[in-house]
Amino acid sequence: MAITVEEKTGVFHLQTDNTSYVFQVMENGELGQLYYGKKIHVRPQYPDLTIREQRNITPAWKLDKPDFQLDVLKQEYASFGKGDFRYPAYKLVLKDGSRISEFGYDRYEKRKGKQRLPALPSTFDEIGDDAETLTIFMEDKMAKLELKIVYSVFPHQDVIVRSACFVNSSETAVHLATAYSVQLDLPDDRYDLLQFSGSWARERHLLRTPLRPGVQSVGSLRTASSAQHNPFMMLARPETNEDSGEVFGFNLIYSGNFLDQVEVDQFSTARILIGINPAEFSWNLTPGQSFQTPECVLSYTAEGMNRLSQQLARFYRRHLLPARFAEKNRPILINNWEATYFDFNEDKLLGIASKAKDLGIELFVLDDGWFGKRNDDTTSLGDWFTDDAKFPLGLGHFAKQLHAMQLAFGLWFEPEMISLDSKLYRQHPEWVIHVPGRSMSPGRNQFVLDFTRQEVIDYLFAAISKIIEGTQLDYIKWDMNRHITEMFSTQLAAEQQLEMPHRYILGVYQLYERLTSKFPHVLFESCASGGGRFDLGMMYYAPQAWTSDDTDAVERMFIQFGTSYGYPQSMMGAHISDVPNGQTGRMTPMATRAAVAFFGIFGYELDITKLSIQEISQLQDQVKFYKKYRRLFQFGTLYRIDNPFVNGGNVMSWQVVSDDRRQSIACRYQILNHANPAYKRIYFKGLLPDQKYTVNNSVERFYGDELMNAGLFVRQLIDACKCASASVDFHAALFVIEAVD
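Residues numbered from 1 in each chain as written. Predicted model: local features only at pLDDT ≥ 70, side-chain atom pairs only at ≥ 80, totals over all residues. Heavy atoms only, no water.

### Here's the deal with the environment of Gln663
Thought 1: Here Gln663 shows up in strand E33 (residues 663-670).
Thought 2: Taking the relative accessible area as the measure of exposure, Gln663 reaches 25% and is therefore partly exposed.
Thought 3: Through-space distance from the C-alpha of Gln663 to that of Ser354 is 34 Å; in sequence the pair is 309 residues apart.
Thought 4: The contact partners of Gln663, leaving out residues within four places of it in the chain, are Tyr629, Leu632, Val656, Val657, Ser658, Ile737 and Glu738. (Helix = DSSP H or I, 4+ residues; strand = E, 2+ residues; numbered from the N terminus. Buried < 20%, exposed > 50% of the residue type's maximum accessible area, 1.4 Å probe, protein only. Contact = heavy atoms within 4.5 Å.)

Right under this line is the structure:
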C-alpha cells in the first residue's frame, strides 16, 4: 500500500519502495510537513516530528496557542499573510482586495492508479504499476473556495507527483495571483543547489552552489522553459556524489514561464517552491471555474545522483512519454539542413536520400524551406503548403519516392511562428501577438501567432493534418526559434492579459494533443532553437528533443552530460555534423563526433554526397555499430563516471548498461592531450561483480568487481618515444564490455 491514512491523528504517510513522505493536518486545519527521505515505519503519529517551541517576536495562531507559529513550522502549501513571512505557495486576492486565505482541511480521497489531467501534459499509470493517488480537499468557508492538493505515488520508481487545483464555489470572481505546483519545507539548509543553466548552443551546464540565507532561484519569463535555465533542479548534501549521498530531484511538467526557488530562512530551514512564474501570471477565477497547476515530479534517493537519474528515466518511460514510443527503437536519421540550407530541389534531395539508404540510414528529414515561397528566413512562415517551384509534382510525390526506398519521411514545421511576408499574415494580421499602436520586436525575422485564439489552432491543425495525410508522414520536427515579446492578445479583456502566457502554452498543448491523437504513428521531436524547450511538458507529446543546435563534439559533451541528470538518453537528439563546426569552428575527428552522438538518438546533419571514401566507410561502420547496440544506447541504464564540470573540464566518461548487466558500453573523452601524463584508469559501474567480461574483445577476462573497483588501465594517447602523425586532441575511447561464460 503506497498511501496510509491515520484518520484519528490526521497523519498521511506516502511510501515508495525506498522513501517515505509524511504530513499531517495541523491544529489550525492547514497541512504540516513532517518528513521526506529514506523509508521509515508507518505509525499512527510522530510526536517527535511535531514538537513545537515558542519563538519571540513571532506571531502566533491564537492567544492560547503561543507556540503555534507558522513562521517556524514546516508546511505543505503555505498561505500568505497569517504569520508565515516566507514566500507562500499561493496568493489569492478577494473582491474586497484582501489577500488573506484560510484553507482548512475538509476531507481526503484515495484511489488506485493515476489519471491524466485534462488540457495539461501529465503523468499516468495505465500499466497497473501500483500507483495510488491522494487528494486532500481544503476549504475556505468564508470565501467559499476549495483547494485540492493532489499527490500521486509511483512506488517502484521512488517518485511522488504533486499539483494543486483551485475551485471557486462563490458568486464573485477571485484573483489568483500566485499558484505554485509544489512546496516542500526541509528541516535544514545543509544542501547544495544543482541547476542546469546556459544559453543557446551551450544549454544545461551543471552549476553546483551551497544554499545560503535568502532566496536562490532559476526561472524563465520567455514563455518557454528556455535554454537559459532548465526546470529540473536538484538539492544534494555537500558530500553527495554520483554514487552515494542524499539528493532530491524536482522537475516541472511545463513548457512556459516557470520558477524553481529555494528560500533559506532565519532558522536555517529550506523551502522549495516550484511552478508557474508568478511574475507574469494571474488568473481570474470566475464563479464555478477552477484552475489546475502543472504537475511537478519529486524524487529522492540516498544512493547518489546516478541513482536519482536512473529512477527518473524509468519513471518517464513508464508514466510520462507516449507509450507507443517510450520503449520503441528510434530511427537513425539524416537531416538535410546543413547539406542544402534553403537551396534544394527534389533531385538534390533524392540524391542525398539514395546515399543515405545505401549507408543504412532509416529516416530522411526535410528541414526548413519546403513550404510557401521560403528561400530565406524572411518569408512564408504560416504558409503550410508545398513550394511548387521546388516540388513541381508535389511533396506527396517526393514522399512516395522515399517510401519506395523504404526510408521513413520527416518534415520540419514551426507552427507557432509567422512571417510578415506570408499569405497568412496578409489574410489575418490580427493573429500576430502584438500591442496595438506599439512596434513589434522581430526575432529571426519572424513573429509569433496568438495561440490563445482558437481559430489559430484550428487553422494549424487543418493545414498540418493535410500535409501529414498527403505525404503519409512518419516524423515531425516541431521547432520554435524565438521567444515572445509584446505579450498581449487583442481578444482577451484587460483583466485577463496576465493569463496570456499560460493560455498560450495551453494552446500549444492543445495543438500537440490533437495532432498526436489523430496521427499516433507520427514520431514528434521537439525543438526550440535547439534545447530551448527541453522539458517534460514537451516530452509528453514528443518523446525526443533536439538537445542543442550546437553539434560540436566538445560542446556536446558538456551539454549531454548536464542533460543526463534530469533526462535519459532516449530523449536526446544527438547528431554528427561536418567540420569545421558551424557553431565553434572546431575540427574534431569523425570517430569522436560519433562517440558523443552514440549516447542519444543518433543521426547526421551533413552532406553525405560530398564525403571521402574513407569518411563513407567510417559512416557505414558507425551505422552498423549503432544498430547493433541501439537498445543499449537508447534505453540502457546510464552511469556518469568522470564529470567534466568538476575535474577541470578535460575528461568526461560515462557508461550504459543493459538490464541484465551482461552487456555495457562506456566512453572516455579527452579534450586536450598532455605531455608525460600520469597513469590513468577508468572505473566502470553497474556490472555483475561475479561475472567475467571481455573489454573490446580482449583475450584477458575480467571479473565485474575488478573492472568496477580496480578499474581498467587507459593508455596514453602518444607514446613518449614516438611523434604523432596527426593531432590526438579531442579523443574518444569506446569500451565494449561483454559477459562471457
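Don't stop here, the text continues.
### Details of the environment of Pro66
Thought 1: Take Pro66: it is sitting in the loop between strand E4 (31-38) and strand E5 (90-93).
Thought 2: For Pro66, a relative accessible area of 33% gives the class partly exposed.
Thought 3: The sequence separation of Pro66 and Asp535 amounts to 469 residues, and the corresponding C-alpha distance is 45 Å.
Thought 4: With near-sequence residues (within four places) excluded, Pro66 lies in contact with Gln54 and Ala60.

### What to know about the pattern of salt bridges
Thought 1: Taken as a whole, this structure holds 40 salt bridges when the rule is applied.
Thought 2: With its nearest N and O atoms 3.9 Å apart, the salt bridge here joins Arg107 to Glu146. With Arg107 in strand E6 (residues 104-112) and Glu146 in strand E8 (residues 145-154), this pair connects stretches of sequence that are 39 residues apart.
Thought 3: Assessed through its relative accessible area of 39%, Arg107 is described here as partly exposed. (Salt bridge = Lys/Arg side-chain N within 4 Å of Asp/Glu carboxyl O.)

### Some words on the packing of aromatic side chains
Thought 1: A full pass over the atoms with the stated rule returns 64 aromatic pairs.
Thought 2: When the centroid spacing of 5.5 Å and the interplanar angle of 10° are considered together, the rings of Tyr77 and Tyr90 count as stacked. Of this pair, Tyr77 sits in the loop between E4 and E5 while Tyr90 sits in strand E5; the two residues are 13 residues apart in sequence, bridging distant segments of the chain. In this pair, the class of Tyr77 matches that of Tyr90, namely buried.
Thought 3: Ring geometry for Tyr77 versus Phe166: centroids 6.3 Å apart, planes at 45°, classification tilted. With Tyr77 in the loop between E4 and E5 and Phe166 in strand E9 (residues 159-168), this residue pair connects regions lying 89 residues apart in the sequence.
Thought 4: The buried category is assigned to Phe166, whose relative accessible area is 1%.
Thought 5: Geometry around Phe137 places Arg107 over its ring, the cationic atom sitting 3.9 Å from the centre. (Phe/Tyr/Trp six-rings, centres within 6.5 Å; stacked < 30°, edge-to-face > 60°. Lys NZ or Arg CZ within 6 Å of the ring centre and 35° of its normal.)

### Structural notes on the domain arrangement of the chain
Thought 1: Looking at the chain, the domain boundaries give domain 1 (3-320), domain 2 (333-416 + 454-485 + 521-636) and domain 3 (642-739).
Thought 2: Contacts between the two partners involve 23 residues from domain 2, matched on the other side by 25 residues from domain 3.
Thought 3: In total, domain 2 and domain 3 occlude about 2,100 Å² of area from one another, counting both sides; carbon and sulfur atoms represent 81% of this.
Thought 4: Our count for the domain 2 to domain 3 interface comes out at 0 salt bridges.
Thought 5: Along the contact surface separating domain 2 from domain 3 lie 4 residue pairs in polar contact (both at pLDDT 80 or more).
Thought 6: Breaking the side of domain 2 that touches domain 3 down by element, the ones donating at least two residues are helix H10 (553-563), helix H11 (590-597) and helix H13 (630-635).
Thought 7: When residues in the side of domain 2 that touches domain 3 are grouped by element, the largest group, 6 residues, is from H10.
Thought 8: In the side of domain 2 that touches domain 3, the residues fall into 15 nonpolar, 7 polar and 1 charged. (Domains from an automatic or database assignment. Buried area = accessible area lost by both parts, 1.4 Å probe. Polar contact = N/O pair within 3.5 Å; in protein donor to acceptor, adjacent residues only side chain to side chain. Nonpolar A, V, L, I, M, F, W, Y, C, P; charged D, E, K, R; others polar.)

### So, the UniProt feature "active site" (unreviewed entry) in the chain
Thought 1: As annotated in UniProt, the feature "active site" (unreviewed entry) corresponds to Asp479 and Asp549 in the numbering used here. Of the residues just listed, which span 71 residues, no C-alpha pair is farther apart than 11.3 Å, and they cluster in one region.
Thought 2: Inspection of the secondary structure assignment puts Asp479 in the loop between strand E26 (475-478) and helix H8 (500-518).
Thought 3: Accessibility expressed as a relative area gives 5% for Asp479, which makes it buried.
Thought 4: In this view, Asp479 contacts Trp412, Phe413, Glu414, Pro415, Glu416, Cys527, Ala528 and Ser529; residues no more than four positions away in its chain are not counted.
Thought 5: Reaching out from Asp479, the side chain makes a polar contact with the side chain of Trp412 at a distance of 3.0 Å.
Thought 6: Turning to its location among the elements, Asp549 is positioned in the loop between strand E28 (544-546) and H10.
Thought 7: Asp549 sits in the partly exposed class, given a relative accessible area of 21%. (UniProt positions renumbered as here; feature names shortened; annotations may be inferred.)

### Focus on the side chain of Asp387
Thought 1: On the secondary structure map, Asp387 appears in the loop between strand E22 (363-366) and helix H5 (395-404).
Thought 2: Comment: no salt bridge for buried Asp387; closest opposite-charge side chain is Lys390, at 4.2 Å.
Thought 3: Polar contacts involving the side chain of Asp387 include one to the main-chain amide nitrogen of Ala389, which spans 2.9 Å.
Thought 4: Filtering out sequence-adjacent residues up to four positions away, Asp387 remains in contact with Trp370, Phe371, Gly372, Lys373, Arg374 and Asn375. (Lys, Arg positive; Asp, Glu negative; His and termini not counted.)

### With respect to empty space enclosed by the protein
Thought 1: Across all of its chains, the model carries 5 cavities of 30 Å³ or more by this definition.
Thought 2: Looking at the largest cavity, its volume works out to about 70 Å³.
Thought 3: For the largest cavity, the full set of lining residues is Glu30, Leu31, Gln75, Tyr77, Ala78, Tyr90, Phe103, Met138, Leu147 and Ile149.
Thought 4: Taken together, the residues of the lining of the largest cavity break down into 8 nonpolar, 1 polar and 1 charged.
Thought 5: Of the voids in this model, the second largest cavity is the one considered here, and its volume is about 50 Å³.
Thought 6: In terms of lining residues, the second largest cavity is bounded by Ile433, Met440, Ser441, Phe447, Val448, Arg482, Ile484, Thr485 and Glu486.
Thought 7: For the lining of the second largest cavity, a count of residues per class yields 5 nonpolar, 2 polar and 2 charged. (1 Å grid on protein atoms, 1.4 Å probe; cavity = no way out; pocket = protein on both sides within 12 Å on 5 of 7 lines; lining within 4 Å. Points joined across faces, edges and corners; volume = space filled by probe spheres on them.)

### Re the nonpolar core
Thought 1: Membership of the largest hydrophobic core comes to 199 residues, with the highest contact counts inside it found for Leu366 and Trp370.
Thought 2: Those residues in contact with Leu366 that sit more than four places away from it in its chain are Asn336, Phe344, Leu349, Phe391, Leu395, Phe398, Phe409, Gly410, Leu411 and Trp412.
Thought 3: The next biggest cluster of nonpolar side chains, apart from the first, holds 15 residues, and it includes Ala666, Phe684, Tyr693 and Ala733. (Core = buried A, V, L, I, M, F, W, Y, C linked by side-chain atoms within 4.5 Å.)

### Overview of a negative patch on the surface
Thought 1: A cluster of acidic side chains, namely Asp690, Glu700, Asp705 and Glu706, defines a negative patch on the protein surface.
Thought 2: Within the secondary structure, Glu700 is located in the loop between strand E35 (692-695) and strand E36 (702-703).
Thought 3: For Glu700, a relative accessible area of 47% puts it in the partly exposed group. (Patch = residues over 30% accessible without salt bridge, like charges linked within 9 Å, V, L, I, M, F, W, Y side chains within 5 Å. Areas by Shrake-Rupley, 256 points an atom, 1.4 Å probe, with all protein chains shown as cover. Charge placed at Lys NZ, Arg CZ, Asp CG, Glu CD.)

### Let's talk about H5
Thought 1: Among the residues of H5, Leu395, Gly396, Phe398, Ala399 and Leu402 are the ones counted as buried. Taken around the axis of H5, the buried residues stretch over an arc of 155°, which confines them to a single face. Seen from the open side of H5, the exposed residues pointing more than 90 degrees away from its buried face are Lys400 and Ala404.
Thought 2: Looking at the buried side of H5, the elements it contacts are helix H4 (346-359), E22, strand E23 (408-413) and helix H7 (454-471).
Thought 3: With its phi angle positive at about 65°, Gln406 sits one or two positions after the end of H5. (Arc of directions from axis to C-beta.)

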